[in-house]
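Structure at a glance
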Amino acid sequence: MDGDFRTEFVHQPAGLKQHPALVLNADYRPLSYYPLSLWPWQDAIKAVYMDRVDIVAEYDTYVHSPSTEIRIPSVVVLRDYVKPVKRVAFTRFNLFLRDEFQCQYCGAKGDLTFDHVVPRAAGGVTSWENVVAACSPCNLKKGSKSLKRANMQLRKPVRQPRAEELRNMGRKFPPNFLHDSWVDFLYWDAELDA
């Protein structure tokens, strides 16, 4: 794969390419950090007219209808609080996010696959506690051997992450595009310059 490996998982709809709106929960936190909760500007305007969101910030760009002119929202906040999911789905993307998009054997980034720590041939199951992100060379080196037989070690113990941990992990990977109006809502706990 060419480019930044972690961005290849996030396929953005065409409407997000120009003037996406950051979507905040009613507590003014993004619904998700990675992928960042964004709506196409058309969906943001529709939600405004349906009274589902309030506009917090706007772009300097306008859209027009025959009778109305409106500035495109850049940040919207939901009027009703959406309770965050407590259970973390066991998906390839969440596994890579838990492992910070790094091979858990050598630390390499890019061209990742996943590996069963206890091989399936030896009774290993596909679960949070037995699957890690691995680069192709390490995965081939380990094969269906145990860590001891392969003379390999994990960089950190494997376990199921909590939903809050994954949300915080996602904050380490900002998207390629950040509008100035979003920064205050994405990094509210960052250390301030003196």
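The structure under discussion appears in the preceding block.
The following refers to the structure shown. (Residues numbered from 1 in each chain as written. Predicted model: local features only at pLDDT ≥ 70, side-chain atom pairs only at ≥ 80, totals over all residues. Heavy atoms only, no water.)

With that settled, the discussion passes to the pairing of strand S6 (residues 131-135). Summarising burial for S6: five of the five residues are buried, a large majority. Of the two faces of S6, both are covered, the one formed by Val-131, Ala-133 and Cys-135 as well as the one formed by Val-132 and Ala-134. The pairing of strand S5 (residues 112-116) with S6 spans five bridges and is antiparallel. Following the sheet pairing, Thr-113 is matched in S6 by Ala-134. (Buried < 20%, exposed > 50% of the residue type's maximum accessible area, 1.4 Å probe, protein only. Helix = DSSP H or I, 4+ residues; strand = E, 2+ residues; numbered from the N terminus. Pairing = 2+ DSSP bridges.)

On to the packing of aromatic side chains. Under the criterion given, the structure shown has three aromatic pairs. Look at Phe-90 and Trp-128: their rings are 5.1 Å apart centre to centre, the planes differ by 70 degrees, and that puts the pair in the edge-to-face class. Of this pair, Phe-90 sits in the loop between strand S4 (69-78) and helix H2 (92-98) while Trp-128 sits in the loop between S5 and S6, and the two are 38 residues apart along the sequence. With centroids separated by 6.1 Å and ring planes inclined at 65 degrees, the aromatic side chains of Phe-93 and Phe-101 adopt a geometry described as edge-to-face. (Phe/Tyr/Trp six-rings, centres within 6.5 Å; stacked < 30°, edge-to-face > 60°.)

Time to look at the nonpolar core. When a protein is soluble and globular, its nonpolar side chains tend to lie buried together. Leu-97, Phe-101, Cys-103, Tyr-105 and Leu-112 are the most contacted members of the largest nonpolar core, which totals 26 residues. Put simply, the parts of the chain that give this core at least two residues each are H2, S6, helix H4 (147-150) and helix H5 (163-170). Sort the elements by how many residues they give to this core and S6 lands first, with five residues. Dropping the residues within four chain positions of it, Cys-103 is found in contact with Ala-108, Leu-112, Ala-133, Ala-134, Cys-135, Cys-138 and Arg-155. Counting 16 residues, the second largest nonpolar core, distinct from the first, contains Leu-22, Leu-36, Leu-38 and Ile-70. (Core = buried A, V, L, I, M, F, W, Y, C linked by side-chain atoms within 4.5 Å. Contact = heavy atoms within 4.5 Å.)

Inspection of helix H1 (residues 41-49) places Ala-44, Ile-45, Ala-47 and Val-48 among the buried residues, and these make up the whole buried set. Here the buried residues of H1 occupy an arc of 160 degrees about the axis, which is enough to place them on one side. Exposed residues on H1 whose side chains face more than 90 degrees from its buried face are Lys-46 and Tyr-49. Against the buried residues of H1 lie strand S1 (21-24), strand S2 (38-39), strand S3 (53-64) and S4. Asp-51 occupies a position one or two residues after H1 and carries a positive phi of about 60 degrees. (Arc of directions from axis to C-beta.)

To continue, consider the pattern of salt bridges. One pass over the full model with this rule turns up 10 salt bridges. Two residues, Asp-54 and Arg-79, come together in a salt bridge whose shortest N-O distance is 2.5 Å. Of this pair, Asp-54 sits in strand S3 while Arg-79 sits in the loop between S4 and H2, and the two are 25 residues apart along the sequence. Look at Asp-54 and you get partly exposed, because its relative accessible area is 32%. The salt bridge involving Arg-71 is made with Glu-58; its shortest N-O contact spans 3.6 Å. Of the two residues, Arg-71 is situated in strand S4 and Glu-58 in strand S3; the sequence distance between them amounts to 13 residues. A residue is classified by how much of its surface remains accessible, and Arg-71, at 27% relative accessible area, is partly exposed. A network of salt bridges, in which partner residues are shared, links Asp-51, Asp-54 and Arg-79. (Salt bridge = Lys/Arg side-chain N within 4 Å of Asp/Glu carboxyl O.)

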